[in-house]
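One letter stands for each residue in the lines below.
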Amino acid sequence: RRAITSGHGVKKQSSSSKKRKTFERDNTDSSPRKKNHLNSIEGLTISQREKRAMELLATHLEECGGERSQSNNFRCKVIQRPGGRYDSVFFSVENKRFKSMVDVARFL
């Protein structure tokens, strides 16, 4: 390591000699909590995912200070992307599109 002195007489380590801390990871790619979440929705049909998204929207609106019944003014469409992931899109009665539950809550 090289010590570099600044104009104030303080020694600093050269940035090239700093070592990064590395954490040992086991061979799992995700946390157990994430795995449990994935297992709970794995194998659902598109219509089941849409129903679940509407339930989650109602819960989210309630947590934001609204009422569950406000979710009745929206519908959900779930789309499967080419990589196998799913997107939930919400539509208002006026057919205004929202990409997330947060967007719906902000709109209300």
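Small disclaimer: the values here were computed from a predicted structure and weren't measured.

### Quick word on the pairing of strand 3 (residues 74-80)
Regular strands place side chains that alternate from one sheet face to the opposite one.
Argument step 1. Where strand 3 lies against strand 4 (residues 86-92), seven bridges are found, and the strand directions are antiparallel. Bridge pairing in strand 4 links I79 to D87.
Argument step 2. Counting the residues in the hairpin turn of strand 3 and strand 4 gives five residues, including G84, whose phi is positive at 100°.

### A closer look at the nonpolar core
Argument step 1. Judged by nonpolar contacts, A53, M54, L57, L61, F74, C76, V78, F90, F98 and V104 together constitute the single largest core of ten residues.
Argument step 2. Contributions of two or more residues to this core are made by helix 2 (46-63) and strand 3.
Argument step 3. Per-element tally for this core: the top contributor is helix 2, with four residues.

### Description of the packing of aromatic side chains
Argument step 1. All chains considered together, the criterion is met by three aromatic pairs.
Argument step 2. The interplanar angle of 85° and the centroid separation of 6.5 Å between the aromatic rings of F74 and F107 together place this pair among those described as edge-to-face. Taken together, the residues span a long stretch of sequence, with F74 in strand 3 and F107 in helix 3 (residues 101-107) at a distance of 33 residues.
Argument step 3. Judged by its relative accessible area of 7%, F74 falls in the buried class.
Argument step 4. Classification of F107 as partly exposed rests on a relative accessible area of 40%.
Argument step 5. When the ring of F98 is compared with that of F107, the centres are 5.0 Å apart and the planes differ by 55°; the resulting orientation is tilted.
Argument step 6. With a relative accessible area of 6%, F98 lands in the buried category.
Argument step 7. Taken together through their ring pairs, the aromatic side chains of F74, F98 and F107 make up a single cluster.
Argument step 8. Geometry around Y86 places R49 over its ring, the cationic atom sitting 3.7 Å from the centre.

Scoring rules and cut-offs
- Residues numbered from 1 in each chain as written.
- Predicted model: local features only at pLDDT ≥ 70, side-chain atom pairs only at ≥ 80, totals over all residues.
- Heavy atoms only, no water.
- Pairing = 2+ DSSP bridges.
- Helix = DSSP H or I, 4+ residues; strand = E, 2+ residues; numbered from the N terminus.
- Core = buried A, V, L, I, M, F, W, Y, C linked by side-chain atoms within 4.5 Å.
- Buried < 20%, exposed > 50% of the residue type's maximum accessible area, 1.4 Å probe, protein only.
- Phe/Tyr/Trp six-rings, centres within 6.5 Å; stacked < 30°, edge-to-face > 60°.
- Lys NZ or Arg CZ within 6 Å of the ring centre and 35° of its normal.

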